[in-house]
Structures are given as structure tokens and as C-alpha cells.
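Given next are the chains, with one letter for each unit.
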Amino acid sequence: MNIWDPAAGTAFAGSLLVEALRSAGVQARYRGQDISESAVDEGRNRFASVPDAEIALGDTLAVDVFEDFAADLVIVDAPWVLDWRHSSRAVESRRRGGAFTFGLPQHKDGTWLFISLALEKLRAPSEGGGRVAALVHPGALSAKGATAEVRRRVLEAGLLESVTRLPEGLAPNTSIPLYLLTFSNREGEAGRGKALVADFQTQYSTEHRRRRILETALRELASGLRTGKQGPRNRSVTLQKFIRREGSVSRTTRSGQTLSWRVTTFADTVIDQGELDSRYGQGSGVALTEAPKEFIDLDPGHLLRDDSRSVPKDIRSRGWRALRLTGLLEAEPELADPSQDADAGRIFVPTTRSGRASAGVPDMDASGRILTCGVDRARLDPRFLAAWLNSEQGVASRWSAIEASSTGQSFKMLRSDANSLMNWADELVVPVPALDVQLSLAEADDRLASFQDELSSQRERIWASLEDAEAAVEKFAKVFDDSLVSWLEELPFPVASALWTAETTSSRGDKLQAYLHAWEALVAFHATVLLSACRSDPGRSAEVESAIRRTLLKHGIGIERASLGTWMVIVENTSKTLRTALLSDDPDETARVRAVFSDLREPAIERLLSKEITRKFNDVVQKRNRWQGHGGHVSDDERQIRIDSLVSDLRDIRRILGNVWAQLPLVRAGAARRVKDGYVQSAEVAVGTRSPFVSKEFHVGDAMLDGELYLVRDGSLSPLRVGHFVQLRAAPKNAHYTSYFYNRTEGSNVRMVTYQYGPESEVGDDAARFREEFGALVLE
């Protein structure tokens with residue numbers, strides 16, 4: 001195999017490649033070239049003992065030292081964003097001589113010059129052809145002008161084979177995300193009109209603070225290139241899907257102000273009046289002011305993991321229109337001035353994770369910058385918009401808009417100039433139901449806010465007048481009691497069934513014990529989910545489990561006898577690790593956490609990982625220990641006080657979790673069938689207090705194992721398999737399923753307990769089959 005390396009540097013990558021080929025029995029001939037004399041000297045030393053390897057000094061853009069060398073494989077790792085003006089005369093001369101047949105890119109980046117030379121260096125197709133593998137930075141995929149024209153010609157020649165996003169941090173001394181492009185001129189592989197796109201952003205492990213891509217990801221890419229078959233993280237697309245279009249549009253507001261901005265579409269979406277009506281609504285007045293321009297954009301993110309589609313889908317599922325904010329503005333967005341007077345027609349939106357959107361006046365407690373703009377009140381009520389932007393769905397839309405409109409490669413941020421802020425407004429998708437619906441929902445939100453204020457006032461008042469405490473509690477208790485029962489139907493069955501048992505138990509003594517058991521189920525289930533999430537991430541699991549084992553050892557407890565303390569150690573360690581990754585400024589870390597939670601949105605994952613939920617769990621554990629640590633008679637009145645305390649804690653948990661479990665239902669996997677971009681799999685939805693469960697079909701990237709429990713969202717790439725510490729089994733005579741929780745290991749047996757029934761409250765299992773579940777948690 002003939003290998004050419006046009007930007008060899010110190011030949012580190014080339015030497016690894018040659019060594020790998022030779023170990024596989026392939027005879028490799030290596031030719032490298034670089035402009036740096038010191039790098040060439042180091043490369044020659046590296047290849048000193050390797051036969052048939054040469055490295056030459058020279059500017060590859062100006063001259064090919066190995067002109068007669070035909071390559072089977074070219075590896076391109078050229079300097080990123082290299083300005084090639086210093087070589088422009090030589091490049092123009094070579095072009096006149098027949099080189100650079102795909103054209104010349106802009107002077108500010110020579111990446112596609114190296115790729116062009118690599119393609120021209122390949123062995124002729126009639127002689128077997130060859131392949132190019134190139135590492136490039138994001139700008140090389142999306143730059144406009146002459147660079148885009150070079151990309152277009154390469155695609156038209158049918159040479160592009162694949163585009164893969166790699167994890168950040170693979171290259172030393174930079175966090176710029178890299179992409180791997182492969183090209184082929186082999187007969188039967190080129191000119192098919194399709195290319196493989198893959199997203200391996202989350203497929204890495206970290207060792208000694210350095211990242212490395214997972215071998216499983218490389219095998220998946222190799223399989224896709226070899227067979228053309230799609231996998232969970234790769235997809236075959238037509239070349240037309242790389243077409244990006246940009247056009248200028250404008251509209252005149254009711255006040256006579258003309259607003260202008262640019263519209264960008266991906267995946268060969270045409271910008272016409274139909275597209276404008278879809279984005280802004282019919283009758284919005286948005287019109288094209290110049291003909292759209294067409295580019296080739298090789299960024300695979302818009303083809304594989306485009307979260308911008310999920311919010312409009314959710315909005316439309318309610319029967320509402322999902323429109324871009326730009327079509328509803330009365331004035332351009334601007335940075336808010338805290339000293340400005342209140343304006344009922346304006347909306348204020350923080351640009352940070354914290355802070356609440358508001359109507360009329362900005363939230364003074366919000367950190368960072370706050371954007372403000374006037375909206376058309378005949379179409380969109382500002383109070384409704386503010387309330388929706390503070391919902392979980394609204395927060396997701398806000399974050400998506402900021403990410404999509406931010407610029408920069410190493411560090412992305414939203415600029416404050418008018419064009420950038422209009423771009424932000426065009427990325428912000430908002431619901432527009434009928435105006436009477438908006439006003440009704442805004443009024444309901446205001447009333448609930450006033451109730452919350454009244455509740456806070458009542459809590460303050462009881463300390464001034466203790467005799468009013470019982471009356472204050474009675475005032476609100478009925479509402480919360482009703483809401484708690486309805487909440488059970490949203491919960492995963494193992495937790496919901498335990499809580500329902502507590503709710504329906506008659507005697508106060510049994511009821512108190514049932515609520516304590518229900519809390520054990522809640523904490524054990526939460527711990528199992530978080531541990532399962534960490535284990536779904538092979539780059540993080542070993543470190544987390546080692547930390548858990550050390551903490552268990554420190555406290556003298558273990559997984560062999562799983563107490564509430566054991567589960568709390570797991571919750572605290574896993575939630576801290578995952579929360580740190582989720583809230584980091586590293587997009588790959590955030591993407592990895594989202595991936596292990598079945599692509600759940602960030603606000604929902606934050607709820608699962610919040611410090612508040614860990615504190616609440618600890619509060620309940622301390623109560624239980626305190627109650628069980630003091631023996632003697634407990635009156636019925638005292639039992640009721642304890643029950644009320646545990647129920648109050650459940651209300652807090654409901655507030656913290658929100659509707660997370662409605663977004664990420666627990667299922668028991670059934671049969672699956674392969675489809676073009678993954679699997680369609682039937683599953684029983686194990687949610688609520690009753691069985692049998694309703695069956696539903698889910699579209700997933702990775703197939704679920706038949707009979708196993710998963711947390712899954714429809715359309716997710718990788719469902720989260722729930723570990724066997726929580727199980728559904730054949731039930732006693734009066735139900736279809738019973739939930740069982742791991743309790744302890746006794747010799748060769750494992751004890752599993754249920755909190756649904758009094759008799760038949762435990763079953764045995766084989767400890768050997770639990771060895772994998774214990775993993776690195778065992779203290780021996």
C-alpha cells in the first residue's frame with residue numbers, strides 16, 4: 001500500500017498508520033512532505049528503522065517532491081486555517097499546469113488545497129483507485145465563497161465518501177471540534193450520489209485528562225463504509241442533503257418599521273413563499289428581498305442530531321402553530337437597559353441558563369445579559385410568551401436559539417450587534433395558539449403565581465400566629481392531596497405501585513410503614529437509573545464506580561446489603577459527576593450526558609441530577625433513621641404527623657422532578673423490526689399504578705433487548721437500559737406484574753423485595769447472574 005502524507009509534520013500519525021498496517025501483514029510504502037525543517041528531521045528519526053519510507057523538506061502547495069508516486073491512501077492533517085498567500089504564486093503556476101482541478105479556495109484557509117492535491121495524487125480508478133482521509137476544522141465544512149465552490153465540484157465529481165464529527169479534545173492544545181472526511185475514486189464506490197454522515201461526538205473516553213475515540217465507534221464507521229449500511233450513529237444521505245440556502249427577507253411592522261434579516265435552511269430545503277409561511281405563518285408579511293443563494297455545507301449536525309425539530313414538533317402536537325419570533329416582532333431585539341421604564345408590550349429574555357423571561361420589566365435576579373424586544377400584541381400576548389419561555393419546553397427553545405445563533409469555534413457566544421440578535425430571534429421558535437387561548441393561559445399563570453405568593457405569605461404568617469397554623473394547612477391540603485394522586489399515573493410503575501400501596505393502606509401504622517417502603521423504592525429506583533446512565537457511558541463508568549466503592553468502604557456499607565445509605569451514596573456520586581458534565585462549557589460532555597439519558601432535553605436532565613433532589617432524599621433518610629432509632633410506643637396522632645411529613649416531602653419531589661418521567665417513560669421491550677435508519681420496536685409502557693401495560697411502538701437507533709426495562713423517548717438514538725437492581729416479574733395471583741428491588745446477597749442467593757404486596761413480599765435469585773450488576777461496586 002502506497003501512503004502519501006502531504007503535511008507530515010513530525011510523521012507521528014504516519015508512523016502509527018504504517019506500524020498498524022505492517023502488524024496486519026500489509027507492506028506499506030510511505031512518502032511524507034513538510035515545510036518545517038525541524039519537523040522533517042524528527043520524522044526521519046521516527047522512520048529510521050522502517051523500510052521504504054521517505055520524508056522530504058518542501059512546501060507541498062508549491063511542489064510535489066514525490067511527483068511519480070501514486071497513492072493508495074492519502075492522510076491529510078494540514079494546518080487549520082492556514083493562510084496560503086505566501087504560496088499563491090506557486091499555486092497559480094501549478095494550477096495552470098493542471099493541478100488544483102477543483103479550483104482555489106479563499107486565501108484565509110488552505111485546507112481544500114491539500115484535499116485537492118490528495119485527490120489528484122490517488123492511483124487512477126482503472127488501476128484500483130484509492131482513498132483520502134482528511135481531518136478538518138468546522139470552517140472548512142461551511143465556509144462560503146470560493147471554498148464552497150471547491151466543495152461543490154468535489155461532490156459533483158462523486159468523490160465524497162463520508163463526513164464524521166469527532167469528539168472535541170482529540171487534538172492537543174485546542175478544543176476546536178474536528179471532522180473526518182473520507183473520499184474515494186475507486187470504481188463502484190464513487191459517483192453513487194450518496195455519502196455516509198456520522199456523529200461520534202459522544203464516543204470517547206478520557207484517560208489522564210486526554211481523550212481518545214472509542215474503538216467501537218471506529219468499527220462502526222468502518223462497517224458503514226464497507227457495507228453502506230446505516231447504524232445508530234451514521235446515516236447514508238443523498239448529496240443534495242448537503243445543500244444550504246441563505247436568503248434575505250423583510251417585513252413591515254404595524255408601526256411602520258421595516259425589519260430585515262437572513263433566513264438559512266439546510267438539507268436542500270427551498271426558500272420560497274411556502275417555506276416562509278411555514279416559518280412565520282400565513283399573512284405574516286415576510287417576503288424575500290433577494291434571491292436565495294445556494295452552498296454546499298458538509299456539517300453533519302443538521303442531518304443527524306438536530307434538536308431544533310423537537311420543539312416545533314411538541315408545539316404542533318397541541319394543535320398550535322410553531323413560528324419564528326422574527327415574524328412576530330414590532331422592533332429589533334436589543335440588550336435590555338435595567339433602568340428603562342416598564343413597557344407592557346416588551347418581552348425580556350435572559351441569555352444564561354438561570355433567570356426567568358418576563359413581560360413588561362426584566363427579571364433583576366437574572367445573571368448575564370438580558371435581551372428585549374417588542375412583539376405584535378395583536379398576534380402574541382407578551383405575558384403568555386414569557387410564561388411559555390419559562391416552561392421546560394420554552395427553556396429548551398431558548399437554549400437552542402442561543403446555540404444556533406452564537407459564533408466562534410473554540411468559544412461560541414452570542415454577539416450583541418443587530419444582525420446577530422435578529423438571527424437569534426429567527427432561531428427562537430414559539431407557540432402561537434389563538435389569542436383567546438394565550439390570554440387564558442397567561443391569566444392562569446398569573447393566578448398560580450399569586451397562589452404561590454399567598455402560600456409563601458401563609459408560611460410566614462404561622463410563625464407570627466401559631467394558632468393559625470392548622471387552618472393554613474387545611475386551606476391548601478385538599479388541592480395538594482388531589483394532585484399527588486394524579487401524579488402517580490406519570491411515574492414509572494415500580495415507584496407508582498409502591499406509592500399507591502401506601503396511599504390505599506388503611507391503618508396508620510401500616511400506612512406509615514408503606515410510605516417508608518415507597519421512599520425506599522423511590523431512592524433505589526433513582527439510584528439505579530443514574531448508575532445505569534453512568535454505565536451507558538464507557539468513558540465515565542469506571543471512574544464513577546471506583547468513587548462509589550471508596551465512599552461505601554469509608555462508611556462501612558456495601559452493595560452486598562443494599563440499605564438506603566447504599567443507594568444514597570450511589571445517588572450522590574453519580575448525580576454529581578453527571579451534573580458537572582451536563583453544566584460544563586464543553587458541548588461534547590453535555591452531548592454525552594444527553595445521549596445516556598436517551599436524548600432527553602437538558603432542563604429535564606438537570607431536574608434528575610439536581611442537588612435539591614439529593615438533599616430531599618437525605619432529609620427523608622434522616623427522618624427514617626431518627627424514627628426507627630427511638631423505640632417505644634408511637635401514638636396514632638404521631639404516626640399521622642410522620643405520614644403527613646413524608647407526603648409533604650413527596651410534593652417537594654414532584655415539584656423538583658416536574659414531568660420528567662412523562663418525557664422519559666419506563667418500558668419493557670418487545671419485538672423489533674429493522675428500518676432504514678434504525679429500528680421500530682414495540683414495548684409495554686410501564687407507567688402508572690396498574691398493569692397490564694399499554695403497548696406502543698418506538699423509533700430508536702439502537703435496538704432494545706427483548707424483555708429488558710428501558711427509559712426511552714421516541715426517536716432517541718440509544719434507549720437507557722435500566723439495571724437489574726429494579727425488575728418486573730410475574731406477579732402474584734391478583735396482578736400481571738410485580739416490581740422487585742434488589743435488597744441483599746445471602747451466599748449464592750440474591751434477595752429481591754417488593755413494596756406492592758404484604759404476602760409474597762420477596763423472591764430469590766441467583767447471585768451469579770448479578771455479578772455484572774455489581775460491577776466495581778463490590779468491596780472485596
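Residues numbered from 1 in each chain as written. Predicted model: local features only at pLDDT ≥ 70, side-chain atom pairs only at ≥ 80, totals over all residues. Heavy atoms only, no water.

### Topic: the overall build of the protein chain
So, step 1. For the protein chain, the count of helices and strands is 25 helices and 30 strands.
So, step 2. The C-alpha atoms of the protein chain give a radius of gyration of 30 Å, which matches the 28 Å a tight globule of 780 residues would have.
So, step 3. By the burial criterion, 52% of the 780 residues in the protein chain qualify as buried.
So, step 4. Intrachain contacts of the protein chain at a sequence separation of at least 6 include 67% that bridge at least 24 residues.
So, step 5. With an accessible surface of roughly 35800 Å², the protein chain has 49% of that area assigned to carbon and sulfur atoms.
So, step 6. Separation between the mean location of the 100 positive side-chain charges and that of the 109 negative ones in the protein chain comes to 2 Å. (Helix = DSSP H or I, 4+ residues; strand = E, 2+ residues; numbered from the N terminus. Rg over C-alpha atoms; globule rule 2.2 N^0.38 Å. Buried < 20%, exposed > 50% of the residue type's maximum accessible area, 1.4 Å probe, protein only. Contact = heavy atoms within 4.5 Å. Areas by Shrake-Rupley, 256 points an atom, 1.4 Å probe, with all protein chains shown as cover. Lys, Arg positive; Asp, Glu negative; His and termini not counted. Charge placed at Lys NZ, Arg CZ, Asp CG, Glu CD.)

### What to know about the nonpolar core
So, step 1. In this structure, Trp567, Phe597, Phe617, Trp661 and Tyr742 are the most contacted members of the largest nonpolar core, which totals 87 residues.
So, step 2. Broken down by element, the residue count for this core peaks at 17 residues, all from helix α17 (residues 508–535).
So, step 3. Not counting residues up to four positions away in its chain, the partners in contact with tryptophan 567 are Val523, Ala524, Ala527, Thr528, Ala562, Phe725 and Tyr742.
So, step 4. Phe69, Leu155, Tyr179 and Leu304 belong to the second largest nonpolar core, which has 49 residues in total. (Core = buried A, V, L, I, M, F, W, Y, C linked by side-chain atoms within 4.5 Å.)

### Quick notes on the pairing of strand β28 (residues 737–746)
Here is the key point about a regular strand: its side chains alternate between the two faces of the sheet.
So, step 1. Buried residues dominate β28, accounting for eight of its ten residues.
So, step 2. With five bridges joining them, β28 and strand β29 (residues 749–753) adopt antiparallel strand pairing. Paired with phenylalanine 741 across the bridge in β29 is valine 753. (Pairing = 2+ DSSP bridges.)

### As for the sheet that holds strand β25 (residues 709–711)
Hydrogen bonding along the main chain pairs the strands of a sheet, whether they run parallel or antiparallel.
So, step 1. The strand order β24-β23-β22-β25-β26 describes an open sheet built from five strands, whose pairing is antiparallel. Only two strands of the sheet have a single partner each, and these edge strands are β24 (694–700) and β26 (720–721).
So, step 2. Pairing analysis gives seven bridges linking strand β23 (residues 678–685) to β24, with the strands arranged antiparallel. Within β24, the position partnered with serine 682 by the bridge is glutamate 697.

### Let's talk about the pattern of salt bridges
So, step 1. What the rule picks out here adds up to 54 salt bridges.
So, step 2. In this structure, arginine 673 and glutamate 697 form a salt bridge, with 3.1 Å as the shortest nitrogen-oxygen distance. Here arginine 673, found in strand β22 (residues 666–675), pairs with glutamate 697, found in strand β24; they are 24 residues apart in sequence, far enough to count as distant.
So, step 3. One connected set of salt bridges, linked through shared partners, spans Arg165, Glu168, Arg211, Asp537, Asp586, Asp588, Glu589 and Arg592. (Salt bridge = Lys/Arg side-chain N within 4 Å of Asp/Glu carboxyl O.)

### So, the side chain of asparagine 743
So, step 1. Residue placement: asparagine 743 occurs in strand β28.
So, step 2. In terms of polar contacts, asparagine 743 uses its side chain to reach the side chain of arginine 744, at 2.9 Å.
So, step 3. Other than its neighbours up to four places away in sequence, asparagine 743 contacts Glu560, Arg561, Ala562, Arg751 and Val753. (Polar contact = N/O pair within 3.5 Å; in protein donor to acceptor, adjacent residues only side chain to side chain.)

### Side note on unusual backbone geometry
So, step 1. Across the junction of serine 691 and proline 692, the peptide omega takes the value 10°, indicating a cis bond.
So, step 2. A positive phi angle, near 65°, is found at aspartate 268, a position not held by glycine.
So, step 3. For aspartate 268, the position within the fold is in the loop between β13 (258–265) and α8 (273–280).
So, step 4. Take aspartate 268: its relative accessible area is 29%, and that puts it in the partly exposed class.
So, step 5. Residue serine 598 is not a glycine yet carries a positive backbone phi of 60°.

### Re the side chain of serine 358
So, step 1. Secondary-structure assignment places serine 358 in strand β19 (residues 358–360).
So, step 2. Serine 358 gets classed as buried once you look at its relative accessible area, which sits at 14%.
So, step 3. Within the structure, serine 358 has its side chain in polar contact with the backbone oxygen of valine 361 (distance 2.5 Å).
So, step 4. Setting aside its immediate chain neighbours within four residues, serine 358 contacts Arg346, Ile347, Phe348, Asp363 and Ala386.

### Re the sheet that holds strand β11 (residues 234–238)
So, step 1. Here nine strands make up an open sheet; going across it, the order is β3-β2-β1-β4-β5-β7-β6-β8-β11 and the pairing mixed. Edge positions in the open sheet fall to β3 (53–57) and β11, since each of these has one partner strand only. In this sheet, neighbouring strand axes are inclined to one another by 15° on average, regardless of whether the strands run parallel or antiparallel. (Axes fitted to C-alpha atoms, helices over the stretch in contact; angles between N-to-C directions.)

### Considering the packing of α17 against helix α18 (residues 541–555)
A packed helix pair is summarised by two numbers, namely the angle formed by the two axes and the spacing between the axes.
So, step 1. As a packed pair, α17 and α18 sit with axes 8 Å apart at the nearest point and diverge in direction by 140°. One element, α17, and the other, α18, form an angle in the oblique class. Contact with α17, carried on its side by Leu531, Cys534 and Arg535, involves Ser541, Val544, Glu545 and Ile548 of α18 and no other residues of that element.
So, step 2. Here the residues of the contact of α17 with α18 are counted per class, giving four nonpolar, one polar and two charged. (Parallel < 35°, antiparallel > 145°, perpendicular 65-115°, else oblique. Nonpolar A, V, L, I, M, F, W, Y, C, P; charged D, E, K, R; others polar.)

### Describing the packing of aromatic side chains
So, step 1. Taken as a whole, this structure holds 16 aromatic pairs when the rule is applied.
So, step 2. One aromatic cluster is present, formed by Trp567, Phe725, Tyr742, Phe770 and Phe774 through successive ring pairs.
So, step 3. Seen from the ring of tyrosine 204, arginine 592 lies directly overhead, with NZ or CZ sitting 3.8 Å from the centre. (Phe/Tyr/Trp six-rings, centres within 6.5 Å; stacked < 30°, edge-to-face > 60°. Lys NZ or Arg CZ within 6 Å of the ring centre and 35° of its normal.)

### So, the pairing of strand β6 (residues 160–165)
So, step 1. Most of β6 sits inside the fold, with six of its six residues counted as buried.
So, step 2. In this structure, β6 lies alongside strand β7 (residues 179–184), joined through five bridges in antiparallel fashion. Bridging across to β7, threonine 164 finds its partner in leucine 180.
So, step 3. In the sheet, β6 pairs with strand β8 (residues 194–199) via four bridges, with the strands oriented parallel. Paired with arginine 165 across the strands is aspartate 199, a residue of β8.

### Some details on the environment of leucine 380
So, step 1. Tracing the sequence through the fold places leucine 380 in the loop between β20 (370–374) and α11 (382–389).
So, step 2. Leucine 380 gets classed as buried once you look at its relative accessible area, which sits at 0%.
So, step 3. Along the sequence, leucine 380 and glycine 345 sit 35 residues apart, while their C-alpha atoms lie 9.7 Å from each other.
So, step 4. The residues contacting leucine 380, other than those within four sequence positions of it, are Leu325, Leu328, Val375, Leu385, Pro431, Val432, Leu435 and Gln438.

### Digging into helix α23 (residues 636–657)
So, step 1. Compared with an ideal rise of 1.5 Å per residue, which puts 22 residues at 32 Å, α23 spans 31 Å between its outermost C-alpha atoms and is within 8% of the ideal.
So, step 2. Listed in full, the buried residues belonging to α23 are Arg642, Ile643, Ser645, Leu646, Val647, Asp649, Leu650, Ile653, Ile656 and Leu657.
So, step 3. Remark: glycine 658 follows α23 within two positions and exhibits a positive phi of approximately 60°. (Expected span 1.5 Å × (residues − 1).)

### Regarding the environment of threonine 60
So, step 1. Assignment of secondary structure puts threonine 60 in the loop between β3 and β4 (73–76).
So, step 2. The class of threonine 60 is buried, set by a relative accessible area of 4%.
So, step 3. Taking C-alpha positions, threonine 60 is 6.6 Å from glutamine 33, a pair spaced 27 residues apart along the chain.
So, step 4. Setting aside residues up to four positions removed in sequence, threonine 60 forms contacts with Trp4, Pro6, Gln33, Arg94, Phe114 and Leu117.
So, step 5. From its side chain, threonine 60 meets the backbone oxygen of proline 6 in a polar contact 2.6 Å long.

By themselves, these observations are geometric and do not establish any function.
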